[in-house]
Amino acid sequence: MMHGGEKSDLAIVAAKLPNKAGRPAAEAVERRAGTKGNAGQQSTLRPQIRAGVSQALDRVRGAARQRRKERFTALLHHISFETLEVAFYALKRRAAPGADGVTWQEYEADLGRRLVDLHGRIHRGAYRPQPSRRGYIPKADGRQRPLAIAALEDKLVQGATVMVLNAIYEEDFLGFSYGFRPGRGPHDALDALTVGITSRKVNFILDADIQSFFDAVSQEWLVRFVEHQIGDRRIIRLIRKWLKAGVLEDGTVTVSDRGTGQGSVISPLLANIYLHYVFDLWADRWRRQEATGDMIIVRYADDLVVGFQHEGDARRFLDALRARFEAFALSLHPDKTRLIEFGRLAAAGRARRGLGKPETFDFLGFTFICSVSRRDTFLLKHLPAEAEDPARAPAGEAWGDQGGAATATAPARPRTGAMAGAGGPRLLRLPCRAD
């Protein structure tokens with residue numbers, strides 16, 4: 001089975017509530033603004049704070065697990081002084097500054113006072129995010145990928161909000177979703193895909209590319225999806241503020257009703273929420289109710305790979321997926337989305353029809369190739385996507401910069417079993433993890 005709810009119950013860094021819930025939030029943390037003492041004393045407090053905030057959000061997680069159909073109507077109090085402090089120390093120290101020009105080091109110099117002020121503004125409704133600064137990083141095809149670089153305070157508040165929302169949504173997200181989730185990563189997605197292809201009856205692969213996903217998301221639909229679970233209007237207002245803050249480029253602020261601001265701290269979570277409702281739940285239901293044979297699904301953020309036993313299922317799913325995406329303001333890239341014959345029976349089937357070797361596809365920076373072992377058994381081979389390979393067909397872009405990274409990331413190596421010697425293509429034989 002390619003997904004399971006229990007697989008998503010993973011540890012997250014959480015945030016601490018005041019010890020006395022009845023005390024006003026500002027009073028509960030006011031004393032920390034003037035904390036005195038040496039750095040060693042302050043650093044010993046930090047593990048205690050982390051433990052406290054983790055316990056607080058454990059209760060949120062437990063409520064989400066036990067009462068799945070209920071909406072959360074009181075969440076803002078979880079964005080406490082301690083939550084903000086934990087979120088601050090989770091930020092990258094050397095990240096590029098936003099439109100405010102404030103660096104991590106500058107903010108830390110007066111951290112206590114700044115956090116008390118920020119906490120007060122959030123709970124009074126006076127917090128106003130700044131426009132994100134436009135930045136660019138190179139894409140694999142030579143073009144530039146636009147990023148939205150938020151101001152440091154906005155990163156901080158978004159990070160605290162992500163902690164709270166992760167405690168809820170990790171109970172709902174399906175097992176075949178791997179991108180930008182606590183305790184999950186590209187290794188896990190690559191392992192799951194490997195296990196699916198080698199252990200299930202996969203004969204066709206749909207390599208799907210969502211065209212300009214982070215710029216195409218309908219903000220109206222996104223907020224409606226969030227409201228399925230979140231009934232706290234103050235959290236909804238925060239999300240709306242970030243979506244409408246706009247992007248600053250060449251002195252001009254541009255505001256759009258599309259997109260999540262790729263590069264912001266909260267963008268990956270919002271993207272996962274959007275695709276949870278638009279793709280994951282729908283695809284899982286289609287697999288259970290419409291598929292006539294085996295079907296596997298692996299999603300890492302906006303990168304989708306779906307495997308099928310029967311070509312008829314694959315073509316019907318692709319037609320239905322196009323219609324589904326169109327209904328929610330998304331579309332498949334016409335050149336990068338491909339349905340190919342791939343799997344243990346692909347080589348023999350194509351040879352009978354005189355079609356040559358099976359095509360290949362790319363996923364998370366690796367090219368997957370159908371091969372045959374010396375014992376004439378199916379062998380799934382992979383090599384880094386940037387390597388030259390005459391059998392390689394055009395495929396989608398490698399992942400690497402979603403979620404706020406400022407530089408391109410090298411492709412991840414899947415944690416699999418026996419591999420070929422160094423320098424040659426890696427052969428996936430004995431995957432060590434099944435989803």
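Given the structure is predicted, the values throughout are model-derived calculations rather than measurements.

Trainee: Got a minute to help me understand the overall build of the chain in this structure?
Mentor: Along the backbone of the chain there are 13 helices and 12 strands. Expressed as a percentage of the 435 residues in the chain, the buried residues total 54%. Sequence separation of at least 24 residues holds for 74% of the intrachain contacts in the chain that already meet a minimum separation of 6.

Trainee: How should the packing of helix 9 (residues 219-227) against helix 10 (residues 233-244) be read in this particular structure?
Mentor: If you want to describe how two helices pack, look at the angle between their axes and the distance between the axes. Packing of helix 9 against helix 10 leaves a shortest axis separation of 11 Å and a crossing angle of 160°. Considering their axes alone, helix 9 and helix 10 lie roughly antiparallel with respect to each other. Here the hand of the crossing between helix 9 and helix 10 comes out right-handed. Within the contact between the two elements, helix 9 uses Gln219, Leu222, Val223, Val226 and Glu227 and helix 10 uses Arg233, Ile236, Ile239, Arg240, Leu243 and Lys244. Taken together, the residues that form the contact of helix 9 with helix 10 break down as 6 nonpolar, 1 polar and 4 charged.

Trainee: Just to check I follow, could you spell out the nonpolar core for this structure?
Mentor: Buried together is how nonpolar side chains tend to be arranged in soluble globular proteins. In this structure, Phe279 and Phe317 are the most contacted members of the largest nonpolar core, which totals 86 residues. Per element, the largest residue contribution to this core is 12 residues, and it comes from helix 11 (residues 267-289). For Phe317, the contacting residues outside a window of four places in its chain are Leu206, Phe279, Trp282, Ala283, Trp286, Met295, Val306 and Phe308. Membership of the second largest hydrophobic core comes to 23 residues, among which are Tyr178, Val298, Phe366 and Phe368.

Trainee: Whenever I open this one, the pairing of strand 1 (residues 132-138) confuses me. Can you help?
Mentor: Every regular strand shows the same layout, with side chains that alternate between the two sheet faces. Of the pairings in the sheet, the one linking strand 1 to strand 4 (residues 247-249) comprises 2 bridges and is parallel in character. In the sheet register, Arg133 faces strand 4, and the bridge partner there is Leu248. Where strand 1 folds back on strand 2 (residues 144-149), the antiparallel hairpin that results is connected by 5 residues, among which Gly142 adopts a positive phi of roughly 95°.

Trainee: Teacher, can you tell me more about the packing of aromatic side chains here?
Mentor: The geometry of an aromatic ring pair is captured by the separation of the ring centres together with the interplanar angle, meaning the angle of the planes. Counting across every chain of the model gives 19 aromatic pairs. An angle of 35° between the planes, with centres 5.2 Å apart, marks the rings of Trp282 and Phe317 as tilted. Here Trp282, found in helix 11, pairs with Phe317, found in helix 12 (residues 311-327); they are 35 residues apart in sequence, far enough to count as distant. An aromatic cluster of at least three residues, connected via ring pairs, comprises Phe213, Phe214, Trp221, Phe225, Tyr274, Tyr277 and Phe328. A cation over an aromatic ring shows up here: Arg224 above the ring of Trp221, its NZ or CZ 4.1 Å from the ring centre.

Trainee: Honestly, the sheet that holds strand 2 in this entry has me stumped. Any pointers?
Mentor: Two orientations exist for strands paired in a sheet by backbone hydrogen bonds: parallel and antiparallel. In spatial order, the strands read 2-1-4-5; together these 4 strands make up an open sheet with mixed pairing. The two strands at the open ends of the sheet, each matched to only one other strand, are strand 2 and strand 5 (252-254). Pairs of neighbouring strands in the sheet enclose a mean axial angle of 45°, with direction left out of account. Here 3 bridges tie strand 4 to strand 5, and the two strands are oriented antiparallel to one another. Residue pairing for strand 5: Glu249 is matched across the bridge by Thr252.

Trainee: What should I look at first to understand the pairing of strand 2 in this one?
Mentor: For strand 1 and strand 2, the ladder comprises 6 bridges, and the chain directions are antiparallel. Directly across from Gly135, in strand 2, lies its bridge partner Leu147.

Trainee: What is the right way to look at the sheet that holds strand 8 (residues 338-341) in this model?
Mentor: Sheet architecture is open: 4 strands sit in the order 6-7-3-8, paired in antiparallel fashion. Only two strands of the sheet have a single partner each, and these edge strands are strand 6 (295-300) and strand 8. Each adjacent strand pair in this sheet contributes to an overall mean axis angle of 15°, direction not counted. Relative to strand 8, strand 3 (residues 204-209) runs antiparallel, the two sharing 4 bridges. Paired with Ile205 across the bridge in strand 8 is Ile340. In the packing of helix 7 (residues 186-199) onto the sheet, the strands contacted are strand 3, strand 6 and strand 7 (303-308), and the crossing angle to strand 6 comes to about 165°.

Trainee: What am I meant to see in the pattern of salt bridges here?
Mentor: When charged atoms on two side chains of opposite charge get close, those side chains can pair. Overall, the coordinates contain 22 salt bridges when judged by the stated rule. Here Asp110 makes a salt bridge to Arg113, at a shortest N to O gap of 2.5 Å. One continuous salt-bridge network, built from bridges that share partners, spans Asp117, Arg121 and Glu153.

Trainee: Is there a simple way to explain helix 9 in this structure?
Mentor: Three or four residues apart is the spacing at which side chains of an α-helix point the same way, because the helix has 3.6 residues per turn. Taken together, the buried positions of helix 9 are occupied by Gln219, Leu222, Val223, Phe225, Val226 and Glu227. Looking at the buried positions of helix 9, the neighbouring elements they touch are helix 6 (152-169), helix 10 and helix 11.

Trainee: Honestly, unusual backbone geometry in this entry has me stumped. Any pointers?
Mentor: A negative phi angle is the norm for most residues apart from glycine, just as the trans form is the norm for most peptide bonds. Unusually for a residue other than glycine, Ala329 sits at a positive phi of about 70°. Within the secondary structure layout, Ala329 lies in the loop between helix 12 and strand 8.

Trainee: I tried to follow the side chain of Asn272 on my own but got confused; where do I start?
Mentor: Residue position: Asn272 is located in helix 11. By relative accessible area, which is 1% here, Asn272 ends up buried.

Analysis parameters
Every chain's residues receive numbers from 1 upward, in the order its sequence appears when written. Restriction of local features to residues with pLDDT of at least 70 applies here, the model being predicted, together with a cutoff of 80 or more for giving and counting side-chain atom pairs; totals for whole chains, interfaces and linings are based on all residues. Only hydrogens and water are set aside; all other atoms, that is, all heavy atoms of the structure, feed into the side-chain values. Only DSSP runs of H or I with at least four residues qualify as helices, and only runs of E with at least two residues qualify as strands; both kinds are numbered from the N terminus onward. In this scheme, a residue with accessible area under 20% of its type's maximum is buried, one over 50% is exposed, and one in between is partly exposed, where area comes from a 1.4 Å probe on protein chains only. Contact between two residues is taken to exist if any of their heavy atoms lie within 4.5 Å; hydrogens are not considered. The convention used is that axes are lines fitted to C-alpha atoms, helices contributing only their stretch in contact, and that angles between N-to-C directions extend from 0 to 180 degrees. Throughout, the term roughly parallel applies to angles under 35 degrees, roughly antiparallel to angles over 145, roughly perpendicular to angles from 65 to 115, and oblique to all others. The crossing is said to be left-handed when, going from far helix to near helix, the turn is anticlockwise and less than a right angle, and right-handed when the turn is clockwise. By the convention adopted, Pro, Cys, Tyr, Trp, Phe, Met, Ile, Leu, Val and Ala count as nonpolar, Lys, Arg, Asp and Glu as charged, and the other residues, Gly among them, as polar. Residue types Ala, Val, Leu, Ile, Met, Phe, Trp, Tyr and Cys, when buried and joined through side-chain atoms within 4.5 Å, form a set referred to as a nonpolar core. Here, any two strands with at least 2 DSSP bridges between them count as paired. By convention, a stacked pair of Phe, Tyr or Trp rings (six-membered ring in the case of Trp) has centres within 6.5 Å and planes under 30 degrees apart, an edge-to-face pair has planes over 60 apart, and any other such pair is tilted. Either the NZ atom of lysine or the CZ atom of arginine qualifies as a charge over a ring when it sits within 6 Å of the ring centre and within 35 degrees of the ring normal. For salt bridges, the criterion is a side-chain nitrogen of Lys or Arg within 4 Å of an Asp or Glu carboxyl oxygen.

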